[in-house]
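Listed below are the residues making up each chain.
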Amino acid sequence: MAAITLSHVVKKYGDGFPAVNDVSLDIDDGEFVILVGPSGCGKSTLLRMVVGLEDISDGEISIDGDVVNDKAPRDRKLAMVFQNYALYPHLSVFENIAFPLRLEKGKYPEDEVRRRVEKAAETLELQEHLDRKPANLSGGQRQRVAMGRAIVREARAFLFDEPLSNLDAKLRGQMRTEIARMQRRLGTTTIYVTHDQTEAMTLGDRVAVLKKGVLQQVASPRALYEQP
Ligand code: ADP
Ligand code: ADP
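For clarity, every value in this text was computed on a predicted model and none was experimentally measured. One numbering rule holds for all chains: residues counted from 1, following each sequence as written. Throughout, the order in which chains and ligands are written sets their labels, letters from A for the former and numbers from 1 for the latter. In keeping with the predicted nature of the model, local features appear solely for residues at pLDDT of at least 70, side-chain atom pairs appear and are counted solely at 80 or more, and the whole-chain, interface and lining totals rest on all residues. With hydrogens and water stripped out, all remaining heavy atoms of the structure feed into the side-chain values.

1. Re the nonpolar core
Ranked by size, the top nonpolar core spans 42 residues in total, and within it I34, I97, V117, F158 and Y192 carry the most contacts. What makes two residues a contact is simply this: any of their non-hydrogen atoms within 4.5 Å. Dropping the residues within four chain positions of it, I34 is found in contact with Y192, T194, E199, A200, L203, G204, R206, V207 and A208. Ranked by size, the runner-up nonpolar core spans 28 residues in total, among them L25, I27, V33 and L159. Nonpolar cores were defined as sets of buried Ala, Val, Leu, Ile, Met, Phe, Trp, Tyr and Cys residues, with membership established by side-chain atoms within 4.5 Å. Buried, partly exposed and exposed residues are distinguished by accessible area as a fraction of the type maximum, computed with a 1.4 Å probe on protein chains only: under 20%, between the cut-offs, and over 50%, respectively.

Written out as structure tokens, the structure is:
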């Protein structure tokens, strides 16, 4: 069974041309799928529908075989990492990572919060920095704290919306390596939106190409970028 299934998914805003038009795609457990396409082609809309931040107009989205169309975001067990993931400057690294758990008031006892934050910090090699404030971290460490927020929810899958697009080339390269390493350790199913061919090549198991809301092609990065 696929981890995430999109079946004839449609999104219409108002009565205009559909932003996402009849998209069907099966994403396997542990698979890293890259979503590419020109600006305005519906990539963010698609991610937001999967995570539950946007209603779907038609079709079905399933997670582990369960249709989630009507489920609230918190019941989908997904974690979305946005383009501008600002950290809270007045909170320690520990509290920044713990933040999504604290939001669900009373759900996680303190020892569970600690266990999860420490596990996330270990995965991201932030153990030494848990008491520091974001201002005292390097850019790469800050990005890792933002990832920690996704990991700490022990999500079924990650959704990334151009997470590296605002970084300079050096940090982008560094973070690409971090994400690849995190993926090897966690093996979590991921949908990752990017414009960057190098990210698609290094991270993706498959690349899905979206154009004007329609899925044009799904292929391995090699097949897509190395064709004559
Ligand atoms: P991408 O992420 O690929 O740049 P988007 O998913 O943001 O594309 O947008 C797809 C289309 O849907 C665009 O034409 C955009 O203008 C439109 N759109 C996105 N969000 C809204 C909204 N909240 N209301 C109306 N139209 C929207
Ligand atoms: P509310 O009804 O309280 O406004 P929502 O139904 O909009 O809440 O969803 C909030 C829930 O979404 C949170 O409890 C959390 O589980 C989930 N959530 C918050 N941030 C993210 C994220 N980045 N990715 C995925 N799920 C998130």
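2. Digging into empty space enclosed by the protein
A 1.4 Å probe that fits but cannot get out identifies a cavity on a 1 Å grid over protein atoms alone, an open set with protein on both sides within 12 Å along at least five of seven lines counts as a pocket, and a residue lines either if it has an atom within 4 Å of a point. Grid points are joined across faces, edges and corners, and a volume is the space filled by probe spheres set on the points. Evaluation of the coordinates by the stated rule reveals 2 cavities of 30 Å³ or more. Its volume calculated, the largest cavity comes out at about 40 Å³. Residue lining of the largest cavity: L6, L25, I27, V33, L35, L46, L47, V50 and I191, and that is the complete set. Each helix is a run of DSSP H or I of at least 4 residues and each strand a run of E of at least 2, with the numbering of both proceeding from the N terminus. Looking at the lining of the largest cavity, the elements with two or more residues in it are β2 (20-27), β3 (32-36) and α1 (43-51). Take the lining of the largest cavity: its biggest share by element is 3 residues, from α1. Under the scheme applied here, ten amino acids are nonpolar (Ala, Val, Leu, Ile, Met, Phe, Trp, Tyr, Cys and Pro), four are charged (Asp, Glu, Lys and Arg), and all others, including Gly, are polar. Of the residues assigned to the lining of the largest cavity, the class counts are 9 nonpolar, no polar and no charged. What the second largest cavity holds in volume is close to 30 Å³. Residue lining of the second largest cavity: T123, L124, E178, R181, M182 and R185, and that is the complete set. Residue contributions to the lining of the second largest cavity peak at 4 residues, all from helix α5 (residues 169-186).

3. Observations regarding the site of ligand 2
The nearness test applies per residue and asks whether one of its heavy atoms lies within 4 Å of the molecule or strand. Taken together, V51, P73, R74, L78, A79, M80, F82, E104 and R153 form the complete shell of residues around ligand 2. In this structure, R74 approaches ligand 2 through a side-chain N or O atom, which is 3.3 Å from an oxygen atom. The term polar contact refers here to a pair of N or O atoms within 3.5 Å; inside protein, the definition further demands a hydrogen-donor-capable atom paired with an acceptor-capable atom, and it admits residues adjacent in sequence only when both atoms are side-chain atoms. E104 places a side-chain nitrogen or oxygen 3.1 Å from an oxygen atom of ligand 2. Summarising the interface, the protein chains cover 58% of the accessible area of ligand 2, which totals 570 Å² for the free molecule. With 3 residues, the top contributor of residues to the shell around ligand 2 is strand β6 (residues 78-81). Per-residue accessibility takes into account occlusion by the displayed protein chains alone, with areas from the Shrake-Rupley method and a 1.4 Å probe.

4. Notes on the pattern of salt bridges
We count a salt bridge whenever a side-chain nitrogen from Lys or Arg sits within 4 Å of a carboxyl oxygen from Asp or Glu. Applying the stated rule across the entire model yields 21 salt bridges. With a shortest N-O distance of 3.1 Å, R156 and D29 are connected by a salt bridge. Of the two residues, R156 sits in the loop between α4 (139-151) and β7 (157-161) while D29 sits in the loop between β2 and β3, which places them 127 residues apart along the sequence. The partly exposed category is assigned to R156, whose relative accessible area is 22%. The salt bridge partner of R181 is E125, with a shortest N-O separation of 3.2 Å. Taken together, the positions of R181 in helix α5 and E125 in the loop between α3 (110-123) and α4 put the pair 56 residues apart, joining distant regions of the chain. For R181, a relative accessible area of 24% translates into the label partly exposed. A relative accessible area of 40% places E125 in the partly exposed class. What you see here is one network of salt bridges that share partners, running through E112, R115, R116, K119 and E154.

5. Some remarks on the packing of aromatic side chains
The pairing test for Phe, Tyr and Trp rings, Trp by its six-membered ring, is centres within 6.5 Å, and the orientation test on the planes gives stacked under 30 degrees, edge-to-face over 60, and tilted for anything in between. One pass over the structure, following the stated rule, counts 4 aromatic pairs. Taken together, a centroid distance of 5.5 Å and an interplanar angle of 45° make the contact between F32 and Y192 tilted. Placement of F32 in strand β3 and of Y192 in strand β8 (residues 189-193) is noted, with a sequence separation of 160 residues between them. As far as the burial class goes, F32 and Y192 line up, both buried. Measuring from ring centre to ring centre gives 6.0 Å for F158 and F160, while their planes differ by 65°; the resulting arrangement is edge-to-face. In this structure an aromatic cluster arises from ring pairing among F32, F158, F160 and Y192.

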